[in-house]
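# Examining the three-dimensional arrangement
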Amino acid sequence: MTTPDQGVEFGWLKGHWDAQLAESNGTAGAPAPATASSRARQLAWVDGRWRLGAAANYNNAAAAGAKTRWGLFGG
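Residues numbered from 1 in each chain as written. Predicted model: local features only at pLDDT ≥ 70, side-chain atom pairs only at ≥ 80, totals over all residues. Heavy atoms only, no water.

### Some thoughts on the pairing of strand S4 (residues 51–61)
Looking at chain direction, strand S3 (residues 37–46) and S4 are connected through ten bridges and run antiparallel. Across the sheet, residue Ser38 finds its bridge partner in S4, namely Asn59. Note: S4 against strand S5 (residues 65–74), ten bridges, orientation antiparallel. The partner of Ala54 across the bridge, within S5, is Leu72. (Pairing = 2+ DSSP bridges. Helix = DSSP H or I, 4+ residues; strand = E, 2+ residues; numbered from the N terminus.)

As structure tokens, then:
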């Protein structure tokens, strides 16, 4: 990646549960205005042969407006 965000990511694993939390400036390398941010969350139940989870992302970009995405996944 030539234009990464600056931020931090935390993960948690306990038994079958797996979670990630990420916070970044959400600017893809551009100067960060005070209101720009990106927040991502993911929670999954992981078994030996399958997984099921949910993910969400909120991106507050001044130029493009705020966008929220979420999804469910399994495999």
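So much for the structure itself; the text now carries on.
### Comments concerning the packing of aromatic side chains
Applying the stated rule across the entire model yields one aromatic pair. Ring plane angle 80 degrees and centroid distance 5.2 Å describe the contact between Trp17 and Trp45, whose orientation is recorded as edge-to-face. In this pair, Trp17 is assigned in strand S2 (residues 17–24) and Trp45 in strand S3, connecting sequence segments 28 residues apart. Since its relative accessible area comes to 29%, Trp45 is described here as partly exposed. (Phe/Tyr/Trp six-rings, centres within 6.5 Å; stacked < 30°, edge-to-face > 60°. Buried < 20%, exposed > 50% of the residue type's maximum accessible area, 1.4 Å probe, protein only.)

### Details of the sheet that holds S5
An order of S1-S2-S3-S4-S5 is seen for the five strands of this open sheet, with the pairing classed as antiparallel. Each having just a single partner strand, strand S1 (7–14) and S5 make up the two edges of the open sheet. In this sheet, adjacent strand axes meet at a mean angle of 5 degrees when their direction is disregarded. The sheet contact formed by S1 and S2 spans eight bridges and is antiparallel. Within the sheet, the bridge partner assigned to Gly11 lies in S2 and is Gln20. (Axes fitted to C-alpha atoms, helices over the stretch in contact; angles between N-to-C directions.)

### Points about the pattern of salt bridges
Summed over all chains, the structure comprises two salt bridges. Put simply, Glu23 and Arg39 hold a salt bridge, and the shortest N to O gap is 3.4 Å. Of this pair, Glu23 sits in strand S2 while Arg39 is found in strand S3, placing the two residues 16 residues apart along the sequence. Classification of Glu23 by relative accessible area gives partly exposed; the value is 31%. Across the pair Arg41 and Glu23 runs a salt bridge, and its minimum N-O distance is 2.7 Å. With a gap of 18 residues between them, Arg41 in strand S3 and Glu23 in strand S2 connect regions that are remote in the sequence. Take Arg41: its relative accessible area is 33%, and that puts it in the partly exposed class. Three or more residues joined by partner-sharing salt bridges are found here, namely Glu23, Arg39 and Arg41. (Salt bridge = Lys/Arg side-chain N within 4 Å of Asp/Glu carboxyl O.)

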